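Residue strings, one per chain:
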Amino acid sequence: MAQLNEKRVLVTGGAGFIGFHLCKKLSEYTSNLTIYDNLSSGKLENVKDLPKANFVKGDILDLTKLCSLEKADLIYHLAAQVVVPYSMENPLEDFETNAHGTLNVLEKARKDDARIVFASSAAVYGNPTKLPTPEDYGFNPFSCYGLSKVVGEEYCNMYANQYGLEVTIMRFANVYGSRCHGVINDFLDKLSRNPNRLEIIGTGLQSRDFVHISDIVEALITSVQKEKAIGQTYNLGYGKTTKIIDLAKMILKILDLTNKTVITTTNVSWKGDINTIWFDISKAKKELNWHPKITLEDTLKEMIKERKLGDDINTH
Ligand SMILES: NC(=O)c1ccc[n+]([C@@H]2O[C@H](COP(=O)([O-])OP(=O)(O)OC[C@H]3O[C@@H](n4cnc5c(N)ncnc54)[C@H](O)[C@@H]3O)[C@@H](O)[C@H]2O)c1
C-alpha cells in the first residue's frame, strides 16, 4: 500500500468542522490535498487556515465538476447536510445531498479507482435497544438524515461488492472540539447571551456519546494505512454516554454558575431526535488499535477558555 505522503487526497466537505481538522492533519502528510466544498455550512476562514490545500468550490451534486477534479488515490467523503431537524423539514434536499451526493462521490472514486472513507452517523441506528450499540446492530433510522446516511452506506457496500472499490465506513457519534457546532456550542452561545437561564431542547434525559475531534482525525488517518480496514464499518465514539442535562451541569460548574443559572427544558424535542447514543467501540479498538484519549471534562474547560466565555459572563 502506498504511503499517505505519496497519495493524492480529496476531501469533500473539507471546509466544515471535521473536514477542517482532518485536512490540517493531512497537510502534515501529503502536499497533494484538494478540498471540494460548496461552502453551504463550511467556512472560507477554515479554508484560509489550510494554505497547503488546494480549494475547489463546488457541489457534490455537480458530477461533471467533481469528476473533472485531478485524479485522487484517496477520498474522504464528509460533505453532507448534517442537521437532523432540517432533514425532517426538507427530506428531498437532505436525500439529494446525502444519498445522491454520495453516489456521485462513489462515481468519482470508481473512475479514479480511489480508496474511499465515508462519514456516516449514529443516526443509522435510530433508537437502538442494544446499548452500547455494536456495528452489526442493523439499521433502524429515526430521521430522514439517518435514512439518507443508510442509503449512502448501502451504495458504498454495493460499490465495494460489485466494483471492488476499497471502502471504509466510519460511523461518528457526537464529535466536538474547537470550531464545532451542536449542543455544546448551543449551550455556550445561550449562556453568553443570558447566563441566568439555560434552556435544553427536549427532556434533557437524551444522552450522547461525545468523542473529541482529534481522536476522530487519528482514526480517519490510521484507518487508511491499514489493509484490514478495507470493506469494514467502524463505530467511532468514546464508548461512554452522557445525559444532556449532565452536560449542562458540567458546563455550569466550570463557569461557576451552578447555583446561579436556572436550567429549563422544553420537554418536547425536534422530530427525529434520538434518545441515546452509546457506541460499542471494541471493533475499532481491536482492528485499528485506536483508543480515544480525550475526555469531555478537559475539553469543555478548553472550549470555554478559547471562547473567553467566563470573561463575557463576568461582565454581564
Ligand atoms: N459532527 C458530528 O458530530 C457528526 C456526527 C455524525 C456524522 N457526522 C458526519 O461527518 C461529516 C462532517 O460533518 P461536520 O460536523 O464536519 O459538518 P459540517 O456541516 O461542518 O461539514 C459539512 C461540509 O459539507 C459541505 N457541504 C454540504 N453540502 C455540500 C454539497 N452539496 N457539496 C459540497 N459540499 C457540501 C458544507 O459546506 C460543509 O463544509 C458529515 O458527513 C456528517 O454527516 C458528523
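A quick note: this is a predicted structure, and the numbers were derived from the prediction, not measured.

*Asks:* Just checking my understanding: could you explain the packing of aromatic side chains for this structure?
*Replies:* The way to describe two aromatic rings as a pair is by their centre distance and the angle between their planes. In the structure shown here, the tally under the stated rule is 4 aromatic pairs. Seen from their ring centres, Tyr125 and Tyr137 are 6.1 Å apart, and the 80 degrees between their planes marks the pair as edge-to-face. With Tyr125 in the loop between β5 (115-121) and α6 (144-163) and Tyr137 in the loop between β5 and α6, this pair connects stretches of sequence that are 12 residues apart. Residue classification places Tyr125 among the buried positions, given a relative accessible area of 1%. According to the relative accessible area criterion, Tyr137 is partly exposed, its value standing at 25%.

*Asks:* Can you walk me through the domain arrangement of the chain in this structure?
*Replies:* Often, the extent of an interface is quoted as the loss of accessible area upon association of its parts. Looking at the assigned domains, one finds that the chain contains domain 1 (4-176 + 210-236) and domain 2 (183-207 + 241-277 + 294-310). With centres defined by C-alpha atoms, the gap from domain 1 to domain 2 works out at 28 Å. Contact residues are listed per partner, giving 18 residues for domain 1 and 18 residues for domain 2. Surface buried jointly by domain 1 and domain 2 totals about 1400 Å² across both partners, of which 72% is contributed by carbon and sulfur atoms. When residues of domain 1 are sorted by the area they lose upon contact with domain 2, Asn127, Tyr176 and Phe210 head the list and together hold 40% of the total. Taken together, the connections running from domain 1 to domain 2 amount to 0 salt bridges. The tally of links between domain 1 and domain 2 comes to 4 residue pairs in polar contact (both at pLDDT 80 or more). Looking at the side of domain 1 that touches domain 2, the elements that each hand over two or more residues are α4 (84-89), β7 (174-176), β10 (210-212) and α8 (213-223). Sort the elements by how many residues they give to the side of domain 1 that touches domain 2 and α4 lands first, with 3 residues.

*Asks:* What should I look at first to understand unusual backbone geometry in this one?
*Replies:* Residues other than glycine predominantly adopt negative phi, and peptide bonds predominantly adopt the trans conformation. The step from Leu131 to Pro132 runs through a cis peptide bond, and the omega angle for that step is -10 degrees. In this model, Leu39 sits at a positive phi of 60 degrees, which is unusual for a non-glycine residue. Positive phi, normally seen in glycine, also occurs at Asp113, with a value near 55 degrees. Looking at the element boundaries, Asp113 is found in the loop between α5 (91-112) and β5.

*Asks:* Would you explain the pattern of salt bridges in this entry?
*Replies:* Any two side chains of opposite charge can pair if their charged atoms end up close together. Counted by the stated rule, this structure contains 13 salt bridges. Among the salt bridges present, the one from Lys108 reaches Asp112, with a minimum N-O distance of 2.7 Å. Residue Lys108 and its partner Asp112 are located together in helix α5, separated by 4 residues, close to a single helical turn. In this pair, the class of Lys108 matches that of Asp112, namely buried.

*Asks:* Help me out: how do you make sense of the packing of helix α7 (residues 183-193) against helix α11 (residues 296-306) in this one?
*Replies:* Viewed as axis vectors pointing N to C, α7 and α11 meet at an angle of 45 degrees, and their least axial separation amounts to 12 Å. Considering their axes alone, α7 and α11 lie oblique with respect to each other. Crossing geometry of α7 relative to α11 is assigned as right-handed. Here α7 contributes Ile184, Asn185 and Leu188 to the contact with α11, which in turn contributes Leu296, Leu300, Met303 and Ile304. Its residues placed into classes, the contact of α7 with α11 shows 6 nonpolar, 1 polar and no charged.

Rules of the game
- Residues numbered from 1 in each chain as written.
- Predicted model: local features only at pLDDT ≥ 70, side-chain atom pairs only at ≥ 80, totals over all residues.
- Heavy atoms only, no water.
- Phe/Tyr/Trp six-rings, centres within 6.5 Å; stacked < 30°, edge-to-face > 60°.
- Helix = DSSP H or I, 4+ residues; strand = E, 2+ residues; numbered from the N terminus.
- Buried < 20%, exposed > 50% of the residue type's maximum accessible area, 1.4 Å probe, protein only.
- Domains from an automatic or database assignment.
- Contact = heavy atoms within 4.5 Å.
- Buried area = accessible area lost by both parts, 1.4 Å probe.
- Salt bridge = Lys/Arg side-chain N within 4 Å of Asp/Glu carboxyl O.
- Polar contact = N/O pair within 3.5 Å; in protein donor to acceptor, adjacent residues only side chain to side chain.
- Axes fitted to C-alpha atoms, helices over the stretch in contact; angles between N-to-C directions.
- Parallel < 35°, antiparallel > 145°, perpendicular 65-115°, else oblique.
- Left-handed = near helix turned anticlockwise from the far one by under 90°.
- Nonpolar A, V, L, I, M, F, W, Y, C, P; charged D, E, K, R; others polar.

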